[in-house]
Amino acid sequence: MFLSRTLLKRHSVLPGFDLALGFTLLYLSFIVLVPLSAAFLKTFTMTWPAFWSAVSAPRVVASYRLTFGASFAAALANAVFGLVVCWVLVRYEFPGRRFVDALVDLPFALPTAVAGLVYSSLYVQSGWLGRFLVPLGIQAAYSRLAIVLVLVFVGFPFVVRTLEPVLERIDADVEEAAACLGASRLQTVTRVIFPSLYPALVTGFALSFARALGEYGSVVFVSGNMPFKTEIAPVLIVARLEEFAYAEATAIAVVLLVISFAVLVAVNLLERWSKRVYA
């Protein structure tokens with residue numbers, strides 16, 4: 001009986017599973033675990049009072065608040081507008097659709113530093129858009145709004161590309177059937193379409209949020225990097241490195257890493273719960 005179970009277990013997986021699993025763990029160890037372990041080991045060289053002083057300074061706490069607040073706002077905006085854009089691309093045929101679809105992937109290919117330069121030149125007082133917005137009191141350059149705008153730019157494709165295959169699998173006949181049964185457009189969206197899209201929408205939100213947390217290249221050009229006002233945590237980490245305060249920079253990075261990981265775990269749990277509820 002033990003032999004039959006062993007044979008069944010061996011034949012229940014694809015050939016080469018052990019080798020593939022070993023290669024996967026080895027690759028992830030070198031790419032992810034070893035660098036992260038090095039960051040934690042670097043913080044162990046600090047005493048607890050020194051570590052706490054480094055990560056709880058008012059300037060550091062302000063950078064954390066701005067980082068997570070701006071990332072959440074950008075991810076929320078991407079979830080809303082990304083859903084609309086995905087719906088248009090999947091449900092409608094119109095001239096230039098392929099061009100619009102290619103524009104969605106542009107943030108993947110464009111260096112984020114270039115995006116920061118473009119946004120900063122557009123929204124300054126003498127820029128094409130800034131000359132109209134600044135007189136209205138809208139400061140979209142060197143402000144917190146500027147940070148949110150560039151974070152929306154870098155995280156936008158994650159929501160669209162996550163929702164797109166799910167929306168393509170939802171047959172339009174389902175919407176017609178709901179309409180024939182007397183459902184209004186709002187009821188069709190909230191009770192027929194949205195339950196199927198909700199898990200993918202949560203995943204896209206989480207990916208966009210995680211991408212925004214570590215963004216540096218674009219933000220450094222548009223934020224002004226003013227402490228307590230427009231300085232995010234990644235910029236502060238680089239500032240500490242330039243001051244040769246490597247242990248303090250690593251301590252700030254570790255706290256950011258732990259909080260980010262906790263947020264991602266919470267979002268993944270929410271995603272699993274939503275799949276069970278809306279299944």
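Reading the values: rules and limits
Residues numbered from 1 in each chain as written. Predicted model: local features only at pLDDT ≥ 70, side-chain atom pairs only at ≥ 80, totals over all residues. Heavy atoms only, no water. Salt bridge = Lys/Arg side-chain N within 4 Å of Asp/Glu carboxyl O. Helix = DSSP H or I, 4+ residues; strand = E, 2+ residues; numbered from the N terminus. Buried < 20%, exposed > 50% of the residue type's maximum accessible area, 1.4 Å probe, protein only. Phe/Tyr/Trp six-rings, centres within 6.5 Å; stacked < 30°, edge-to-face > 60°. Lys NZ or Arg CZ within 6 Å of the ring centre and 35° of its normal. Expected span 1.5 Å × (residues − 1). Bend = angle between axes of the 7 residues up to and from the residue. Polar contact = N/O pair within 3.5 Å; in protein donor to acceptor, adjacent residues only side chain to side chain. pLDDT = per-residue confidence, 0-100. Contact = heavy atoms within 4.5 Å.

Asker: Any chance you could explain the pattern of salt bridges here in plain terms?
Answerer: Side chains that differ in sign of charge can pair as their charged atoms come close. The final tally for this structure, using the stated rule, is seven salt bridges. The salt bridge partner of Glu248 is Arg240, with a shortest N-O separation of 3.4 Å. A network of salt bridges, in which partner residues are shared, links Asp101, Asp105, Arg161 and Glu164.

Asker: I would appreciate a short explanation of the environment of Phe194 in the present structure.
Answerer: Structurally, Phe194 can be placed in helix α11 (residues 185-213). What makes Phe194 partly exposed here is its relative accessible area of 29%. A sequence separation of 27 residues divides Phe194 from Leu167, and the C-alpha atoms of the two residues are 9.8 Å apart.

Asker: What exactly am I supposed to notice about the packing of aromatic side chains here?
Answerer: For any pair of aromatic rings, the description rests on two quantities: the centre-to-centre distance and the angle between the ring planes. Evaluation of the coordinates by the stated rule reveals eleven aromatic pairs. Among the aromatic side chains, those forming a connected cluster through ring pairs are Phe68, Phe72, Phe205 and Phe209. Its guanidinium or amino end placed over the ring of Trp87, Arg91 lies 5.1 Å from that ring's centre, counting from NZ or CZ.

Asker: Sorry if this is basic, but what is going on with helix α9 (residues 144-169) here?
Answerer: One turn of the α-helix equals 3.6 residues, which is why residues spaced by three or four share an orientation. Given a rise of 1.5 Å per residue, 26 residues ought to cover 38 Å, and the 38 Å separating the end C-alpha atoms of α9 matches this to within 8%. The sharpest bend along α9 comes to roughly 40°, located at Gly155, with the proline Pro157 sitting one to four residues further on.

Asker: Just checking my understanding: could you explain the side chain of Glu215 for this structure?
Answerer: Relative to the elements of secondary structure, Glu215 occurs in the loop between α11 and α12 (219-222). Residue class for Glu215 comes out buried when judged on its relative accessible area of 2%. Side-chain polar atoms of Glu215 contact the side chain of Ser218, separated by 2.8 Å.

Asker: Hey, could you run me through the confidence of the model for the chain in this one?
Answerer: Note that predicted coordinates carrying low pLDDT should not be read in detail. Model confidence for the chain is summarised by a mean pLDDT of 84, while 93% of its residues fall at 70 or above. When mean pLDDT is taken per element in the chain, helix α4 (residues 58-91) scores highest with 93 and helix α1 (residues 2-11) scores lowest with 47. This stretch, residues 7-11, has a pLDDT under 50; its non-local contacts, to residues over four places away or in other chains, come to zero contacts.

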